[in-house]
Amino acid sequence: MQTALIVIGVLILTFFVFRTVAMAKIKNTPMVADHANVLTLTEKNFQQQTKNKVVLVDFWATWCAPCRMMAPVLNDVASELSGNSHVGKVNIEQYQSLAQKFKVRSIPTLILFKNGAEINRFVGIKSKEFLLKEIAKVG
């Protein structure tokens, strides 16, 4: 019985150590510059930039570690898109009204627009392959 309690205690301690290390790595994820093909969306240009196009819009914030993890993935997606398909980003700290308008409750939230209308929504970290497949469905 005492041995079982020791083993359980060691397992719990190991779990918390690994969790702490993982959280520290996520918090230290560096900011990545946007690819040249990524549209910077604002309250003034949002409607025009999403009109007559397919646009995957990332709602993000600088303090959001998962958002920082998505940045390289979105850069890869933007570099592979051609024609009328694009990637755009909305900083919800600067443009809170856009986040409210589209009912963004958690970030990263990715909304796929076609001709300015929401087609699909994805919350959390997604792979490049998943996003390209979803864009191809509506493109």
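Residues numbered from 1 in each chain as written. Predicted model: local features only at pLDDT ≥ 70, side-chain atom pairs only at ≥ 80, totals over all residues. Heavy atoms only, no water.

**Q** Before we go on, may I ask you to explain the state of the cysteines in this structure?
**A** Two cysteines whose sulfur atoms are joined by a covalent bond form what is called a disulfide. As enumerated under the stated definition, the model contains one disulfide in all. The disulfide partner of Cys64 is Cys67, and the gap between their sulfur atoms is 2.4 Å. One disulfide, between Cys64 and Cys67, carries an S-S torsion of 75 degrees and so falls in the right-handed class. Taken individually, Cys64 and Cys67 each receive the classification buried, so the pair is uniform in this respect. (Disulfide = S-S within 2.5 Å. Buried < 20%, exposed > 50% of the residue type's maximum accessible area, 1.4 Å probe, protein only.)

**Q** Help me understand the nonpolar core, please; the structure alone is not making it clear to me.
**A** Most often, soluble globular proteins keep nonpolar side chains buried together rather than apart. Core analysis: the largest hydrophobic core is formed by 20 residues, its most contacted members being Phe46, Val57, Phe59, Val90 and Phe102. Among the elements of the structure, strand S2 (54–60), helix H4 (96–101) and strand S4 (109–114) are those that each provide at least two residues to this core. No other element matches the four residues that S2 contributes to this core. Leu56, Met70, Val73 and Val77 belong to the second-largest nonpolar core, a separate cluster that totals 16 residues. (Core = buried A, V, L, I, M, F, W, Y, C linked by side-chain atoms within 4.5 Å. Helix = DSSP H or I, 4+ residues; strand = E, 2+ residues; numbered from the N terminus.)

**Q** Can you help me understand the pairing of S2 in this one?
**A** A regular strand places its side chains so that they alternate between the two faces of the sheet. Burial analysis of S2 places seven of its seven residues in the buried class, the great majority of the element. Neither face of S2 is open: one carries Val54, Leu56, Asp58 and Trp60, the other Val55, Val57 and Phe59, and all of them are buried. Sheet topology places S2 next to strand S3 (residues 85–91); seven bridges connect them, and they run parallel. Considered in S3, the bridge of Leu56 is made with Val87. One ladder, built from six bridges, connects S2 with S4; its direction is antiparallel. Its bridge partner lying in S4, Phe59 is registered against Thr109. (Pairing = 2+ DSSP bridges.)

**Q** So what exactly am I meant to see when it comes to a nonpolar patch on the surface here?
**A** On the surface, a nonpolar cluster with roughly 410 Å² of combined accessible area is contributed by Ile8, Ile12, Phe15 and Phe16. Looking at where Ile12 falls in the secondary structure, it is placed in helix H1 (residues 2–27). Judged by its relative accessible area of 45%, Ile12 falls in the partly exposed class. (Patch = residues over 30% accessible without salt bridge, like charges linked within 9 Å, V, L, I, M, F, W, Y side chains within 5 Å. Areas by Shrake-Rupley, 256 points an atom, 1.4 Å probe, with all protein chains shown as cover. Salt bridge = Lys/Arg side-chain N within 4 Å of Asp/Glu carboxyl O.)

**Q** What am I meant to see in helix H5 (residues 128–138) here?
**A** Every α-helix carries 3.6 residues per turn, so stepping three or four residues along brings you back to the same face. Leu131, Glu134, Ile135 and Val138 are the residues of H5 that are buried. What you see down the axis of H5 is that its buried residues fit within an arc of 100 degrees, all on one side. Set apart from the buried face of H5 by more than 90 degrees, the exposed residues are Glu129, Ala136 and Lys137. Lining the buried residues of H5 we find S2, helix H3 (65–80), S3, S4 and strand S5 (117–123). (Arc of directions from axis to C-beta. Contact = heavy atoms within 4.5 Å.)

**Q** Quick question: what am I supposed to make of the packing of aromatic side chains here?
**A** Aromatic ring pairs are described here by two measures, namely the spacing of the ring centres and the angle between the planes. Applying the stated criterion across every chain, the model contains five aromatic pairs. Each ring, one from Phe122 and one from Phe130, has its centre 5.1 Å from the other, and the planes form 85 degrees; the classification is edge-to-face. Given the relative accessible area of 26%, Phe130 is considered partly exposed. An aromatic cluster is defined as three or more aromatic residues linked by ring pairs; in this entry it consists of Phe46, Phe59, Phe102 and Phe113. Sitting over the ring of Phe130, Lys126 keeps its end group 5.8 Å from the ring centre. (Phe/Tyr/Trp six-rings, centres within 6.5 Å; stacked < 30°, edge-to-face > 60°. Lys NZ or Arg CZ within 6 Å of the ring centre and 35° of its normal.)

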